[in-house]
Amino acid sequence: MTVTDRFIKYAKFDTESNTETGITPSTPGQMVLAREIEKELREMGLDDVTLDENAYLMATLPANTDKKVPTIGFIAHLDTSPDLSGKNVNPRIVKNYDGKDIILNKDTNVVLSPADFPEMLDYKGQDLIVTDGDTLLGADDKAGIAEIITAIRYLQDHPEIKHGKIRIGFNPDEEIGLGAHKFDVEKFGCEWAYTMDGGPIGELEYENFNAAGVKINIQGRSVHPGYAKDKMTNALVVASRLISLLPANERPEHTTKYEGFFHLTNVSGTVDSATVGYIIRDHDRKLFEGRKQLMIEVVDFINRLYPNSTTLEIKDQYYNMREKVEPVKHIVDMAFEAMEAAGVTPIVKPIRGGTDGAQLSFKGLPCPNIFAGGHNFHGRYEFVPVQSMEKAVEVIVKLAEIVANK
């Protein structure tokens, strides 16, 4: 089975995660996919195949050399983003892409165009896997899963490539920041690992945002609007006032590179009560703490205007893995070398987001991030070039070989 075949198979499983359920996995479809992959890994003859009640799936490719080689791991996540439906995903392969617009859905006039996404032109002549315009695609991170399994199959079929013990792990709920929470690092048993969860071909990352989630509850006072003077407190108006107090130029759509942001993720409610959700991101730990403090000050100000109306909950989600990976920088250097050996130009840059590798690094498993190949994650315009996935497979194989030869 090719990496493309595997990816399309996995993409059709509905594994959209959910922040509201409070269980692991957060949605049942993730366990359904995990069981399907577990079956595949057992049929491949891998050792130590385990799937726990929380949908953490692990397996081992034994070493084929007597040389003492570090045990390394490759990790990807089962879930897809709740930002857009992952149900009834219908992938389509656009062969030999000609550089023109791709009509994803004629009925709803959804078009994937290089006018909007000029990076498409980098893949002219290649084969692009796209959506039907109604759902996301799920290359984040089912491309990563497909690449890891395909690489392991290749190593099994080519015993002349010497490698040490390799562990693979697939986990739920990365998209809601919970992928590493119940990941048993001791059981995984690696000196270090790599998440195959990056974007376009060549990406190699060992820096990421510090991250926090914010939930703001606003209690208003609902009064008949005809008799509301000096009595009504409209929770939606309070929410609007609060949102306006945060710097408009520090939203995701106005920031890039190492710039952090406040991202409004949801607003819901009525006159009587409202809820506002934010995520806070910054690469610099000091600036990150400053952003959290600003959020506290804004809510305090709102409570001075509307006494006892508003409560704030801030939860740290993950931190910048750089401080854990930099002391073992050779693991990044080997990934860089593997990319070059596979004919891929490494693009080392900070992640404007996070991966399970960030949390795992702080749990004692240094874990840089390697490209999975996709673009426009979390939306209907997502696409992944077949050739990028194939190169990711080659990078995994080269990396296993390089580690064994050090």
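- Labelled according to an unreviewed UniProt entry, the protein chain appears under the name Peptidase T, originating from Dysgonomonas termitidis.
- Under the UniProt heading Function (unreviewed entry), the note attached to the protein chain is "Cleaves the N-terminal amino acid of tripeptides."
- UniProt lists a comment for the protein chain under the heading Catalytic activity (unreviewed entry), and it reads "Release of the N-terminal residue from a tripeptide."

Re the pattern of salt bridges
1) Next: The tally for this structure, following the rule as stated, stands at 17 salt bridges.
2) Next: Note that R42 is salt-bridged to E38, the shortest N-O span being 3.1 Å. A residue pair is termed a helical-turn pair when its members lie 3 or 4 positions apart in one helix, as R42 and E38 do in helix 2 (residues 28–43) at four residues.
3) Next: In this structure E38 comes out as buried when scored by relative accessible area, which is 17%.
4) Next: In this structure, the salt-bridge partner of D333 is K329, at a minimum N-O distance of 3.5 Å.
5) Next: Judged by its relative accessible area of 41%, D333 is partly exposed.

Examining the layout of surface pockets
1) Next: As a volume, the second largest pocket reaches approximately 170 Å³.
2) Next: Lining the second largest pocket, in full, are V3, T150, Y154, I161, E390, V393, E394, V397, K398 and E401.
3) Next: For the lining of the second largest pocket, the secondary structure elements donating two or more residues are helix 3 (139–157) and helix 10 (386–405).
4) Next: Residue contributions to the lining of the second largest pocket peak at six residues, all from helix 10.
5) Next: By residue class, the composition of the lining of the second largest pocket is five nonpolar, one polar and four charged.

Observations concerning the packing of helix 1 (residues 3–11) against helix 2
1) Next: In contact at an axis separation of 11 Å, helix 1 and helix 2 are set at 150° when each is read in the N-to-C sense. Taken as axis vectors, helix 1 and helix 2 run roughly antiparallel relative to one another. On helix 2, the residues that touch R6, K9 and Y10 of helix 1 are L33, E36, I37 and E40.
2) Next: Split into classes, the residues belonging to the contact of helix 1 with helix 2 amount to three nonpolar, no polar and four charged.

Quick notes on the UniProt feature "binding site: Zn(2+) 1" (unreviewed entry) in the protein chain
1) Next: Per the UniProt annotation, the sites labelled "binding site: Zn(2+) 1" (unreviewed entry) are H77, D140 and D197. Their sequence span is 121 residues, while the largest C-alpha to C-alpha distance among them is just 8.1 Å; these annotated residues converge on one region.
2) Next: By secondary structure assignment, the location of D140 is in helix 3.
3) Next: Contact partners of D140, with chain neighbours within four places excluded, come to H77, D79, T80, E175, D197, F377, H378 and E382.
4) Next: Of note is the side chain of D140, whose polar atom sits 3.0 Å from the side chain of H77.
5) Next: In this structure D197 comes out as buried when scored by relative accessible area, which is 11%.
6) Next: If sequence neighbours within four positions are ignored, D197 has contacts with H77, D140, D141, E174, T355, N369, I370 and A372.

Structural notes on unusual backbone geometry
The phi torsion of most residues other than glycine is negative, and most of the peptide bonds are trans.
1) Next: T24 connects to P25 through a cis peptide bond whose omega is -5°.
2) Next: With respect to the helices and strands, P25 occurs in the loop between helix 1 and helix 2.
3) Next: Residue D140 is joined to D141 through a cis peptide bond whose omega torsion reads 15°.
4) Next: Residue position: D141 is located in helix 3.
5) Next: Of note, the phi angle at D48 is positive, near 50°, even though the residue is not glycine.
6) Next: Along the polypeptide, D48 turns up in strand 1 (residues 47–51).

As for helix 5 (residues 235–244)
1) Next: Within the sequence span of helix 5, burial applies to A235, V238, A239 and L242. Buried residues of helix 5, viewed axially, fall in a sector of 100°; they line one side.
2) Next: The residue sitting at the N-terminus of helix 5 and contributing the capping side-chain oxygen is N234; that oxygen lies 2.9 Å from the backbone nitrogen of L236.

Some points on the packing of aromatic side chains
1) Next: All chains considered together, the criterion is met by seven aromatic pairs.
2) Next: Taken together, a centroid distance of 5.8 Å and an interplanar angle of 25° make the contact between F74 and Y194 stacked. Of this pair, F74 sits in strand 3 (residues 72–77) while Y194 sits in strand 9 (residues 192–198), and the two are 120 residues apart along the sequence. The burial state of F74 is the same as that of Y194; both residues are buried.
3) Next: An aromatic cluster of at least three residues, connected via ring pairs, comprises Y56, F183 and F188.
4) Next: Over the ring of Y319 we find R285, and its NZ or CZ is 4.0 Å from the ring centre.

Parameters and conventions
Residues numbered from 1 in each chain as written. Predicted model: local features only at pLDDT ≥ 70, side-chain atom pairs only at ≥ 80, totals over all residues. Heavy atoms only, no water. UniProt positions renumbered as here; feature names shortened; annotations may be inferred. Salt bridge = Lys/Arg side-chain N within 4 Å of Asp/Glu carboxyl O. Helix = DSSP H or I, 4+ residues; strand = E, 2+ residues; numbered from the N terminus. Buried < 20%, exposed > 50% of the residue type's maximum accessible area, 1.4 Å probe, protein only. 1 Å grid on protein atoms, 1.4 Å probe; cavity = no way out; pocket = protein on both sides within 12 Å on 5 of 7 lines; lining within 4 Å. Points joined across faces, edges and corners; volume = space filled by probe spheres on them. Nonpolar A, V, L, I, M, F, W, Y, C, P; charged D, E, K, R; others polar. Axes fitted to C-alpha atoms, helices over the stretch in contact; angles between N-to-C directions. Parallel < 35°, antiparallel > 145°, perpendicular 65-115°, else oblique. Contact = heavy atoms within 4.5 Å. Polar contact = N/O pair within 3.5 Å; in protein donor to acceptor, adjacent residues only side chain to side chain. Arc of directions from axis to C-beta. Phe/Tyr/Trp six-rings, centres within 6.5 Å; stacked < 30°, edge-to-face > 60°. Lys NZ or Arg CZ within 6 Å of the ring centre and 35° of its normal.

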